[in-house]
Amino acid sequence: MTSVDVAGHVDVVRALVVEDSAADAAYLRALLSEQGPPRVATEHASRLGEAIERFERAPYDLVFLDAHLPDSRGTDTLRAMREAIGETPLIVVSGTLEPGASRRAIEAGATLYLAKDELDAESLGRAMRLGRARAADAQHAPPTDVARALHEVGNAVAAIYLPLSTAEDRVADLMDRVPPDGELSALGRELAGDVETARAATEYLRALIGALRRRTGRRGAERADLRPSLSRIARIVRSRFHGGFDLDVPEELPRVAASSTQVEQVLLNLLGNAERALADRPDGHLWLSARRRGDTVALRVRDDGPGIDASLRGSLFDPFVSTRAEAGAGLGLAISRSLAEGWGGTLRLIDGEGPGACFELTLPVAG
């Protein structure tokens, strides 16, 4: 199981690689070793029976599976593995390029589908984050026909999310290879915008599905300790932002009734927006703070940039409204508010203590 240190940080994520090709298994394990934090510790099984036995002895946090193994093939492998591992994220890594392969894998129980020829550290990291987020959502699924409908929609969204992300990377690679003023460059920019909008729309759908699951499920079942998440966010921001950054968190902060993974997603989105607002300001500054306020915890993200234009304030959280001068899908804030409301919280723009923009996320204290 996941290793947690004395401060509550996730130290090690355990992953099982089920692959009969020694070379493919070694490559996948090498990519996984580059992920983190948290660090990913891998073990290898070359047959389905061996994989199930390993999981029964000591469950893993993630399973990566090639469905074509010496003792089982195709969707039978997926169904057997899914039955054995319960809700654990199951990521299929396959060399099959047939049309519909990803859809069939998702229908048979895969959390996500990755093609071997498109596998790299970035796509693998994206898959891991998405897989663990979907597993967290599944813990709150309501046991009704609504749950089945949400499951089907979620499967469809998952089947298109990663291919869109891959397409986005390929368009960016193409843009680096063509003359910047040519016709291909103009078409590439247009295509890049379309792909980004489509990918962001799938993220919006995933967020809405998760929010609906939580509203109809067991909202209070999860108790997130925010201090490790805020420390992790601080490390990420300090590694990529060259201005000033202050983290202000009290020693005692109650757990909240929310998903720590999705709280991180919301805060990183807000901080990413703030970083872009300060892109031309090497002396720019960001602040992230947390305080208990009655039966809620309030988290604030503030910057000293140009602030939000008055004409956008009324529609800021609507889908497809962007504050960015360059092309953007305009879904980040809409997704973030959906996530916050799904946990019974709020996300709003408030008047800060100085210039710039200040967003406040409130979450209910866990009972």
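Because the structure is a prediction, the values reported are computed rather than measured. (Residues numbered from 1 in each chain as written. Predicted model: local features only at pLDDT ≥ 70, side-chain atom pairs only at ≥ 80, totals over all residues. Heavy atoms only, no water.)

(A) Representation of the confidence of the model for the chain within the structure. The pLDDT averaged across the chain works out to 78; a share of 74% of its residues lies at or above 70. Counting interchain partners and residues more than four positions distant, the pLDDT-below-50 stretch residues 1-10 has 21 contacts. Confidence drops under a pLDDT of 50 for residues 140-144, and excluding neighbours within four residues, the segment shows 13 contacts in the predicted structure. (pLDDT = per-residue confidence, 0-100. Contact = heavy atoms within 4.5 Å.)

(B) Representation of helix H8 (residues 226-240) in the model. Here H8 spans 21 Å end to end across 15 residues, near enough to the 21 Å set by a 1.5 Å rise per residue. Within H8 the residues assigned to the buried category are Leu226, Pro228, Ser229, Leu230, Arg232, Ile233, Ala234 and Val237. (Helix = DSSP H or I, 4+ residues; strand = E, 2+ residues; numbered from the N terminus. Expected span 1.5 Å × (residues − 1). Buried < 20%, exposed > 50% of the residue type's maximum accessible area, 1.4 Å probe, protein only.)

(C) Structural view of the pattern of salt bridges. Enumeration over the complete set of coordinates arrives at 14 salt bridges. Measuring nitrogen to oxygen at the nearest pair gives 2.9 Å for the salt bridge that ties Arg300 to Glu360. Of this pair, Arg300 sits in strand E9 (residues 296-303) while Glu360 is found in strand E11 (residues 358-364), placing the two residues 60 residues apart along the sequence. A residue is classified by how much of its surface remains accessible, and Glu360, at 0% relative accessible area, is buried. Connected through shared salt-bridge partners, Arg14, Glu43, Glu50 and Arg54 make up one network. (Salt bridge = Lys/Arg side-chain N within 4 Å of Asp/Glu carboxyl O.)

(D) The environment of Leu363, seen in detail. Inspection of the secondary structure puts Leu363 in strand E11. Note on Leu363: relative accessible area 2%, which makes it buried. A C-alpha to C-alpha distance of 7.2 Å links Leu363 and Ala340, two positions 23 residues apart in sequence. Beyond its immediate chain neighbours, meaning those up to four positions away, Leu363 contacts Val256, Ala258, Val263, Asp295, Thr296, Val297, Leu299, Trp343 and Gly345.

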